[in-house]
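Listed below are the residues making up each chain.
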Amino acid sequence: MSVDQPPRAEVVIDLDAVRHNLGLLSARAAASGAATMAVVKADGYGHGAVPVAGAAVEAGATWLGACSLGEALDLRRAGITARLLSWLDTPDVDFTAGIAEDVDISVSSAGELARVVAAADRAGERARVHLKIDTGLARNGCPPHSWPALVKAAAAEPGLDVVAVWSHLACADEPGHPSIDLQARRFADAYRVARDAGLDPMRHLANSAATLTRPDLHFDLVRTGIAMYGLNPVPQPEDLRPAMTLRSSVVLTKRIETGESVSYGHTWTAARDTTVALVPVGYGDGVPRTLSGRMSVWLGGKRRPVVGRVCMDQIVVDCGDDEPAVGSEVVLFGAGTRGEPTAREWADTLGTIDYEIVTGMYRPRVRRRYTGEGGR
Ligand SMILES: *Cc1c(COP(=O)(O)O)cnc(C)c1O
């Protein structure tokens, strides 16, 4: 994409919304004495890790969570001084730079522990590690049967500080799910093993859903992702503001007659004479083709259906007898406060979750723009 051309479509990120949401979450955490980690993995769930991290820190986050060491180092190199945790690295990753740049590293196995110890040696600095126990997600984390040996090995390493014991919940977005209490009990057991080994680590377990619904599981730190972006993972309403809007504009309108069909495959035929508007955004910009015939947009103060197939570069909107001006704003999804569609609606239509919709919105052809001044 040529940088000096106006964008055909843009994702607008409202950093005031991020600050509002993180402020709400960190106030809940603080009420239980816990600090807040803003999770900015996958380029901030598609919102841009560095700007979101900056806004989150301004609003009270003292930690940032990254999936990989590369993501964490990108934040550090952008000048972010908050505590950073990286939790899922591949076996070929060298932790030396991470240790030198004060990134905390998650460890789930004896092999990972050995690699961190060797890297601390090379860096000539102590490594800060968070030992991860698998309490029932059966994904990352040390299984309970290997936990006592891992804790013992970590406690015996002079080059390490065991900063935390931590875990991740499988079903926190279904409040009352029996797995939550089961995981909490296993977490308590794992913590006791660490204490018995002479360690005095922090504890962290809660994601956004548990931050909102389980103050008893906040411990020392909560790790909030989706709710910071304004998408609510729990059934009860919360005062969260979706931060991302996907917008484009009308480039052409035309009158078509009854019986004329629109877009590839002629899957939609006008049942009356109507005006259609062409919008230059398509699956090349992150609009799933499987939304063909199942989506609407906000245009000229109302919802209007997208008709015919979603193409690579364009969609067509049925405007009836209205004639929107060329250049009119078209909102594909946003906060929903004006009546526009939301990421949640797309997700519900597609049979997925809003996490996937926003995270998938990082596209080279779509410009990202930031709004909001916050406390600055
Ligand atoms: C992604 C992630 C989170 C954040 O989860 P949300 O549901 O987005 O709040 C917390 N902890 C870990 C380990 C994660 O991978």
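Calculation rules
Residues numbered from 1 in each chain as written. Predicted model: local features only at pLDDT ≥ 70, side-chain atom pairs only at ≥ 80, totals over all residues. Heavy atoms only, no water. Domains from an automatic or database assignment. Core = buried A, V, L, I, M, F, W, Y, C linked by side-chain atoms within 4.5 Å. Buried < 20%, exposed > 50% of the residue type's maximum accessible area, 1.4 Å probe, protein only. Helix = DSSP H or I, 4+ residues; strand = E, 2+ residues; numbered from the N terminus. Contact = heavy atoms within 4.5 Å. 1 Å grid on protein atoms, 1.4 Å probe; cavity = no way out; pocket = protein on both sides within 12 Å on 5 of 7 lines; lining within 4 Å. Points joined across faces, edges and corners; volume = space filled by probe spheres on them. Nonpolar A, V, L, I, M, F, W, Y, C, P; charged D, E, K, R; others polar.

## Focus: the domain arrangement of the protein
Inference 1: Looking at the protein, the domain boundaries give domain 1 (15-229) and domain 2 (244-341).
Inference 2: Between the C-alpha centres of domain 1 and domain 2 there is a distance of 43 Å.

## Looking at the nonpolar core
Inference 1: Core analysis: the largest hydrophobic core is formed by 110 residues, its most contacted members being Met228 and Leu332.
Inference 2: In terms of residues, this core owes the most to one element, helix H1 (residues 15-31), which gives seven residues.
Inference 3: Here this core gathers at least three residues from each of two domains, domain 1 (15-229) and domain 2 (244-341).
Inference 4: If we ignore the near neighbours within four places in the chain, the residues touching Leu332 are Leu246, Arg247, Ser248, Val281, Val287, Met295, Ser296, Val297, Ile315, Pro341 and Trp346.
Inference 5: By size, the runner-up hydrophobic cluster in this structure holds seven residues, among which are Val262, Val276, Leu278 and Val307.

## Things to note about the layout of surface pockets
Inference 1: Of the volumes computed, that of the largest pocket is approximately 630 Å³.
Inference 2: Around the largest pocket, the lining comprises 30 residues; the ones closest to its centre are Lys41, Tyr45, Arg139, His168 and Tyr355.
Inference 3: Those elements that provide at least two residues to the lining of the largest pocket are helix H2 (41-45), helix H9 (208-213), strand E9 (221-224) and helix H11 (354-359).
Inference 4: Each residue belonging to the lining of the largest pocket can be placed in one class, and the counts come to 17 nonpolar, seven polar and six charged.
Inference 5: When its volume is computed, the second largest pocket comes out at roughly 290 Å³.
Inference 6: Forming the walls of the second largest pocket are 18 residues, and the residues nearest its centre are Val262, Ser263, Leu278, Gln314 and Val316.
Inference 7: At the level of elements, strand E11 (252-256), strand E12 (261-262), strand E14 (274-279) and strand E17 (315-318) are the ones that each hand at least two residues to the lining of the second largest pocket.

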